[in-house]
Amino acid sequence: MAESGGDPGAAWHQRVLAEITRWPWLRRLNDQVAEAVDPVYDRFRANPAVELMHGGRWLGHSLHPALSDLPIGFWSAVLLLDMAGQDVPPEGSRLDPASTLNAAGIAAAAATAATGVADWTVSDAEDRRVGLFHGLLNGAGTTLQGMSLAARLAGRRRTGQVLGAAGLSVTVAAAYVGGHLVQGRAVMVNRVATHTGPQRWVKAVAEEDLPDGAVTGVEVEGRRVMLHRSDGEVHAIDDVCSHAGALLHRGEIDDCTVVCPLHFSVFDLRDGHIVRGPAHHPQPVLPARVRNGWIEVRGSAPAPRSRRASNS
Ligand code: FES
């Protein structure tokens, strides 16, 4: 995705984040991690547990950003307790409230990391390198929190406080990079959220060019549309995959579903619903009809529909 360099106020962070993706060691590490993780993901990608880690069709958006609030919340609470001097164990207990919250944050960080790795496997190119850097920072932040917890349990409160504050600082930096992934690079963002046109019936393709069983991708008034004819019925959905923007007409068709060629989400061509993730937003369906030897389409709201395309 192209970076905008026109905003002087944003230039510094764009330069920094662009530089990160060029670091040779990060590129090498990215390749090594991909070599280890990708085959495992490929083996289990159809597993519902893996799909749930993405958030998938059940939750409607990615699980990872929601979970990531938990460790930050727990560790921020620890910082407040430290600052208020409330990190002392109650009478008769070895475990102080700060240590308990610190441990809860570490547990939440582990769950967050698992969902992050799942999302990372279905990202590409620069997004992966930025994502890996984000993960490394989070790993460092969590390690510091682990050291902080160990120090607190050993009775070294001051060391535990310093390590906890340092860990939280690193985690906040990681969160900043994560925010860039979502808002700056549109990772795990619905890529068709704003696709609505055309506002009227528009000729898409000559009827003879879409025989039964055929699939094609066309552009109508700036919107990319995938067309498929099955048992004489024409189905039209947005051609841009809601997950990461691959063109669906290049995917395999199977029993009125299309398999995205990039990360293998499966969409039903009749109503656009997700049969299998990692996509978490359905494909918008466009009404289609045959008129005077042409297949025509018009826009629709970007939401799942149960009605079938009309051939009248
Ligand atoms: S682009 Fe990722 S599943 Fe389609």
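Since the structure is predicted, the reported quantities are computational estimates derived from the model, not experimental observations.

**Q** Would you mind showing me how to read the pairing of strand β2 (residues 215-220) here?
**A** The side chains of a regular strand alternate between the sheet's two faces. Relative to strand β3 (residues 223-230), β2 runs antiparallel, the two sharing six bridges. Residue pairing for β3: Thr216 is matched across the bridge by Leu227. Taking the residues that link successive antiparallel strands as the turn, the β2-β3 hairpin has two residues, and the phi of Glu221 there is positive, at about 50 degrees.

**Q** Looking at this structure, how should I read the domain arrangement of the protein chain?
**A** Many analyses report the size of an interface as the accessible area lost when the parts associate. Once the domains are mapped, the protein chain shows domain 1 (8-184) and domain 2 (202-297). Computed over C-alpha atoms only, the centres of domain 1 and domain 2 are separated by 38 Å. Contacts between the two partners involve 13 residues from domain 1 and, on the opposite side, twelve residues from domain 2. Buried area between domain 1 and domain 2, both sides added, is near 950 Å², and the carbon and sulfur share of it is 57%.

**Q** Explain the environment of Leu248 to me, please; I cannot follow it from the model alone.
**A** Along the chain, Leu248 turns up in the loop between β4 (233-238) and β5 (252-254). With a relative accessible area of 0%, Leu248 lands in the buried category. With ten residues separating them in the primary sequence, Leu248 and Val258 have C-alpha atoms 7.0 Å apart. What Leu248 contacts, discounting residues up to four positions off in sequence, is Met226, Ile237, Asp238, Asp239, Cys241, Val258, Cys260, Pro261, Phe267 and Gln283.

**Q** It is not clear to me how the packing of helix α6 (residues 97-121) against helix α7 (residues 125-153) should be interpreted in this structure. Could you clarify?
**A** For any two helices packed against each other, one specifies the inter-axial angle together with the distance between the axes. Packing of α6 against α7 leaves a shortest axis separation of 10 Å and a crossing angle of 160 degrees. Relative to α7, α6 is oriented roughly antiparallel. Crossing handedness for the pair α6 and α7: left-handed. For the pair α6 and α7, the contacting residues are Ala98, Ser99, Asn102, Ala103, Ile106, Ala109, Trp120 and Thr121 in the first and Arg128, Gly131, Leu132, Thr142, Gln145, Gly146, Ser148, Leu149, Arg152 and Leu153 in the second. Residues that form the contact of α6 with α7 fall into these classes: eight nonpolar, eight polar and two charged.

**Q** Looking at this model, I keep getting lost on a nonpolar patch on the surface. Mind explaining?
**A** On the surface, Trp12, Val16 and Tyr176 cluster together into a nonpolar patch covering about 330 Å² of accessible area. The residue Val16 is located in helix α1 (residues 11-20) in this model.

**Q** Any chance you could explain the pattern of salt bridges here in plain terms?
**A** Close approach of charged atoms allows side chains of opposite charge to pair. All chains considered together, the criterion is met by eleven salt bridges. Salt-bridge contacts for Arg185 lead to Glu126; the nearest nitrogen and oxygen are separated by 3.5 Å. Separated by 59 residues along the polypeptide, Arg185 in the loop between α8 (157-184) and β1 (202-206) and Glu126 in helix α7 bring together distant segments of the chain. Using a relative accessible area of 5% as the deciding quantity, one classes Arg185 as buried.

**Q** Even after reading the chapter, I still don't get the packing of aromatic side chains, so can you show me in this structure?
**A** The relation between two aromatic rings is expressed through the spacing of the ring centres and the mutual angle of the planes. Across all of its chains, the model carries three aromatic pairs by this definition. Taken together, a centroid distance of 5.4 Å and an interplanar angle of 80 degrees make the contact between Trp23 and Phe133 edge-to-face. Taken together, the residues Trp23 in the loop between α1 and α2 (24-44) and Phe133 in helix α7 connect sequence positions 110 residues apart. A relative accessible area of 27% means that Trp23 is categorised as partly exposed. Judged by relative accessible area, Phe133 falls into the buried class, the value being 14%. Members of the aromatic cluster, each reached through a chain of ring pairs, are Trp23, Trp25 and Phe133.

**Q** What's the story with the layout of surface pockets in this structure? I'm lost.
**A** In this model, the largest pocket occupies a volume close to 910 Å³. As for the largest pocket, its lining consists of 39 residues, and the residues nearest its centre are His64, Gly116, His134, Gly135 and Asn138. Elements with a contribution of two residues or more to the lining of the largest pocket: α2, α5 (64-83), α6, α7 and α8.

**Q** In this structure, what is going on with the sheet that holds β1? I would like to understand it.
**A** As summarised here, the arrangement of the three strands in space is β1-β10-β9, forming an open sheet in which the pairing is antiparallel. A single partner strand is all that each edge strand has here, and the edge strands are β1 and β9 (288-291). With strand direction ignored, the average angle separating the axes of adjacent strands in the sheet is 35 degrees. Here β1 runs beside strand β10 (residues 294-297); their pairing, made up of four bridges, is antiparallel. Residue pairing for β10: Lys203 is matched across the bridge by Glu296.

About the cut-offs
- Residues numbered from 1 in each chain as written.
- Predicted model: local features only at pLDDT ≥ 70, side-chain atom pairs only at ≥ 80, totals over all residues.
- Heavy atoms only, no water.
- Pairing = 2+ DSSP bridges.
- Helix = DSSP H or I, 4+ residues; strand = E, 2+ residues; numbered from the N terminus.
- Domains from an automatic or database assignment.
- Contact = heavy atoms within 4.5 Å.
- Buried area = accessible area lost by both parts, 1.4 Å probe.
- Buried < 20%, exposed > 50% of the residue type's maximum accessible area, 1.4 Å probe, protein only.
- Axes fitted to C-alpha atoms, helices over the stretch in contact; angles between N-to-C directions.
- Parallel < 35°, antiparallel > 145°, perpendicular 65-115°, else oblique.
- Left-handed = near helix turned anticlockwise from the far one by under 90°.
- Nonpolar A, V, L, I, M, F, W, Y, C, P; charged D, E, K, R; others polar.
- Patch = residues over 30% accessible without salt bridge, like charges linked within 9 Å, V, L, I, M, F, W, Y side chains within 5 Å.
- Areas by Shrake-Rupley, 256 points an atom, 1.4 Å probe, with all protein chains shown as cover.
- Salt bridge = Lys/Arg side-chain N within 4 Å of Asp/Glu carboxyl O.
- Phe/Tyr/Trp six-rings, centres within 6.5 Å; stacked < 30°, edge-to-face > 60°.
- 1 Å grid on protein atoms, 1.4 Å probe; cavity = no way out; pocket = protein on both sides within 12 Å on 5 of 7 lines; lining within 4 Å.
- Points joined across faces, edges and corners; volume = space filled by probe spheres on them.

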